[in-house]
Amino acid sequence: MGTNGVLQVTDSRTGCSYELPITDGAIRAIDLRQVKVSEDDFGLLCYDPAFLNTASCRSAITFIDGDKGILRYRGYPIEELAGHASFLDVAYLLLHGELPGKEESEAWTREITHHTFVHENVKKFIDGFHHDAHPMGILVSTVAALSTFYPEAKAVADQAIQRDQMVRLIAKMPTLAAFAYRHAMGLPYAYPDDELSYAGNFLNMMWKMTEPRYSPDPVLEHALDALFILHADHEQNCSTSAMRVVGSSQVDPYSAAAAAAAALYGPLHGGANEQVLRMLQEIGSVDNIPAYIARAKRGELRLMGFGHRVYKNFDPRATIIKEIADSVFAVTGRNPLLDIALELERIALADEYFISHKLYPNVDFYSGIIYQAMGFPVSMFPVLFAIGRMPGWLAQWHESAADPEQKIARPRQIYVGEGLRHLNGTIS
Ligand code: ACO
């Protein structure tokens, strides 16, 4: 929170002075509208492509200090949550503002577990996809398709109805994700197992073959749960902004969540972990790293998994993920790409270009290496991210819907096209 005060500005075009209130370290962009050169002037606009310096909402969910490498959900440091809470308890925290007590936690887990099945028609829908369809494309489509199964979700002002949809979305994400994978592999779908944890059940739906009951490895189950926690929210990032913007039209949460998932799919956002793996495979050997880094410095390519709009010191999630990696590799064996990744990080962090540009490994740099060691194909990486991020999207959507200051999102533009002109009669 910044301090309050007043910003005094003078418009050199008119010589007029204005006092703009500062609240919580921000002025209200709409206060600039009074700054005009004439009565019929529209008023001063803020030009902020990519929202580099625009707060679009007031939020009580996630706090980030990018310079200090701090990430907190509802006040709790990410390090404490990833070490001691379950993903479903963190989902509860994001949605409700407080961690659940023991009984609340059990009831919440039961409720989510109860909703993991999807309508059988969803399977038919997935069957229509090409055998090599990207699972993220399938996920985006099936999340959107859920809106047709729950038409009551349109009642976005009804709290009880909306709570049901939030439970369904969190519960069904692993099922949709695993079904997308099994479709690509030509494997029969494995149904949810209510006796397993959220992460354990997901592993069951991914890997179960002929055994009567699948038992997840507890280390991998725990690691995946922690990875979901690390991805659960990240304030107003690209996909969350998509969730809020699309949700502001009062469309149902399935459609808004599909838009958020689509935003996450992009290689500059949640698709980055997939790109990291492809990059490490392309580099191929530690010997090739200096040449690859030189290309990044010449602007020919970007080091995927490096850099962040907000973190300019280190990404706290990347630090925790490195610790998780050790426990996973103890079970799966060491991923040979890890050596390339560690050396790439070492060389880049000592390089003047990366130091001066404040480029550090982000959450995606190591997550992909862990996922690969656990057996997930690279195309599933953004899907795993989406499972973890769903509670964050929903918490932000819910907060936005209850915020009396929010309206349908509708930015302005600076028109730079042609002035008025007329058809000259030559159109055929
Ligand atoms: N490799 C090499 N140079 C880079 C990288 C990178 N990964 N990232 C940024 N730079 C350079 C840019 O070329 C630019 O240099 P210049 O000022 O000399 O022209 C400067 O650093 C600033 O880059 P911007 O793109 O303006 O920074 P921005 O904040 O807009 O981008 C982003 C952040 C998209 C994450 C960027 O760092 C990037 O593309 N990283 C690689 C993709 C990635 O890992 N994305 C995952 C982000 S985490 C997440 O979404 C969960």
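Shown above is the structure to which this text applies.
Residues numbered from 1 in each chain as written. Predicted model: local features only at pLDDT ≥ 70, side-chain atom pairs only at ≥ 80, totals over all residues. Heavy atoms only, no water.

1. Some words on the overall build of the protein chain
Thought 1: When helices and strands are counted, the protein chain shows 17 helices and six strands.
Thought 2: Taking 2.2 N^0.38 as the reference for a compact globule, 428 residues should give roughly 22 Å; the C-alpha atoms of the protein chain span a radius of gyration of 24 Å, in line with that estimate.
Thought 3: Projected onto its principal axes, the C-alpha positions of the protein chain cover 80 × 65 × 55 Å.
Thought 4: Classification of the 428 residues of the protein chain by burial places 47% in the buried group.
Thought 5: In the protein chain, the share of contacts with a sequence separation of at least 24, taken over all contacts with a separation of at least 6, comes to 68%.
Thought 6: Accessible surface for the protein chain amounts to roughly 21,400 Å². Of this, 55% is attributable to carbon and sulfur atoms.
Thought 7: With 37 positive and 51 negative side-chain charges, the protein chain shows a spacing of 4 Å between the two charge centroids. (Helix = DSSP H or I, 4+ residues; strand = E, 2+ residues; numbered from the N terminus. Rg over C-alpha atoms; globule rule 2.2 N^0.38 Å. Buried < 20%, exposed > 50% of the residue type's maximum accessible area, 1.4 Å probe, protein only. Contact = heavy atoms within 4.5 Å. Areas by Shrake-Rupley, 256 points an atom, 1.4 Å probe, with all protein chains shown as cover. Lys, Arg positive; Asp, Glu negative; His and termini not counted. Charge placed at Lys NZ, Arg CZ, Asp CG, Glu CD.)

2. What about a nonpolar patch on the surface?
Thought 1: Side chains of Phe42, Leu45, Tyr47, Ile414 and Val416 sit close together on the surface and give an oily, nonpolar patch of about 560 Å² of accessible area.
Thought 2: Mapped onto the elements of the fold, Leu45 is located in the loop between strand 3 (26–27) and strand 4 (62–65). (Patch = residues over 30% accessible without salt bridge, like charges linked within 9 Å, V, L, I, M, F, W, Y side chains within 5 Å. Salt bridge = Lys/Arg side-chain N within 4 Å of Asp/Glu carboxyl O.)

3. A few points about the pairing of strand 2 (residues 17–23)
Thought 1: Bridge count for strand 1 (residues 5–10) against strand 2 is six bridges, and the pairing is antiparallel. Pairing of Leu7 across the sheet is with Leu20, part of strand 2.
Thought 2: Summarising the sheet, strand 2 and strand 3 pair through two bridges and their orientation is antiparallel. Residue pairing for strand 3: Thr23 is matched across the bridge by Ala26.
Thought 3: Count of turn residues in the strand 2/strand 3 antiparallel hairpin: two residues, of which Asp24 carries a positive phi of about 50°. (Pairing = 2+ DSSP bridges.)

4. A word on the site of the ligand
Thought 1: Taken together, 18 residues surround the ligand, and among them Arg302, Leu303, Gly305, Arg309 and His357 come closest.
Thought 2: For the ligand, an oxygen atom lies 3.0 Å from a polar atom in the side chain of His269.
Thought 3: Within the contact set of the ligand, an oxygen atom lies 2.8 Å away from a side-chain nitrogen or oxygen of Arg309.
Thought 4: Relative to its unbound accessible area of 920 Å², the ligand is 72% covered by the protein chains.
Thought 5: Along the lines of polarity and charge, the residues of the shell around the ligand split into nine nonpolar, six polar and three charged. (Near = heavy atom within 4 Å. Polar contact = N/O pair within 3.5 Å; in protein donor to acceptor, adjacent residues only side chain to side chain. Nonpolar A, V, L, I, M, F, W, Y, C, P; charged D, E, K, R; others polar.)

5. Quick notes on the environment of Gly128
Thought 1: Tracing the backbone through its elements, the reader meets Gly128 in the loop between helix 4 (120–127) and helix 5 (135–149).
Thought 2: Judged by relative accessible area, Gly128 falls into the exposed class, the value being 68%.
Thought 3: Sequence-wise, Gly128 and Glu39 are 89 residues apart; in three dimensions their C-alpha atoms are separated by 59 Å.

6. Description of the pattern of salt bridges
Thought 1: Tallied over the full model, the rule gives 20 salt bridges.
Thought 2: Residue Lys123 pairs with Glu120 through a salt bridge whose shortest N-O separation is 2.8 Å. Linking Lys123 with Glu120, this pair stays in helix 4, spanning three residues, or about one helical turn.
Thought 3: The class of Glu120 is partly exposed, set by a relative accessible area of 38%.
Thought 4: Of the charged contacts, one joins Glu152 and Arg168 as a salt bridge, the two residues approaching to 3.2 Å between their closest N and O atoms. One end of the pair, Glu152, is in the loop between helix 5 and helix 6 (159–185); the other, Arg168, is in helix 6, with 16 residues separating them in the sequence.

7. Looking at the sheet that holds strand 3
In sheet architecture, strand pairing relies on hydrogen bonds along the backbone and comes in two forms, parallel and antiparallel.
Thought 1: On the basis of which strands lie adjacent, the open sheet formed by three strands has the order 1-2-3 and antiparallel pairing. In this open sheet, the two edge strands, each paired with only one partner strand, are strand 1 and strand 3.

8. A short note on the sheet that holds strand 6 (residues 76–77)
Thought 1: If you trace the three strands from one edge of the open sheet to the other, you get 4-5-6, paired in antiparallel fashion. Of all the strands in the sheet, just strand 4 and strand 6 have a single pairing partner and so form its edges.
Thought 2: Both strand 5 (residues 70–73) and strand 6 contribute to a ladder of two bridges, which runs antiparallel. Its bridge partner being in strand 6, Tyr73 is matched across the sheet by Tyr76.

9. Comments concerning the packing of helix 4 against helix 6
Thought 1: Where helix 4 meets helix 6, the closest approach of the two axes is 10 Å, and the angle between their N-to-C directions is 40°. Between helix 4 and helix 6, the angle falls in the class oblique. For the pair helix 4 and helix 6, the crossing hand works out as right-handed. Contact with helix 4, carried on its side by Val122, Lys123, Ile126 and Asp127, involves Leu176, Phe179 and His183 of helix 6 and no other residues of that element.
Thought 2: Considering only residue class, the contact of helix 4 with helix 6 consists of four nonpolar, one polar and two charged. (Axes fitted to C-alpha atoms, helices over the stretch in contact; angles between N-to-C directions. Parallel < 35°, antiparallel > 145°, perpendicular 65-115°, else oblique. Left-handed = near helix turned anticlockwise from the far one by under 90°.)

10. Section: the layout of surface pockets
Thought 1: In this structure, the second largest pocket encloses a volume near 290 Å³.
Thought 2: As for the second largest pocket, its lining consists of 18 residues, and the residues nearest its centre are Gly247, Gln250, Ser400, Ala401 and Ala402.
Thought 3: Secondary structure elements with two or more residues in the lining of the second largest pocket: helix 6, helix 9 (238–247) and helix 17 (381–401).
Thought 4: Take the lining of the second largest pocket: its biggest share by element is four residues, from helix 17.
Thought 5: Along the lines of polarity and charge, the residues of the lining of the second largest pocket split into seven nonpolar, eight polar and three charged. (1 Å grid on protein atoms, 1.4 Å probe; cavity = no way out; pocket = protein on both sides within 12 Å on 5 of 7 lines; lining within 4 Å. Points joined across faces, edges and corners; volume = space filled by probe spheres on them.)

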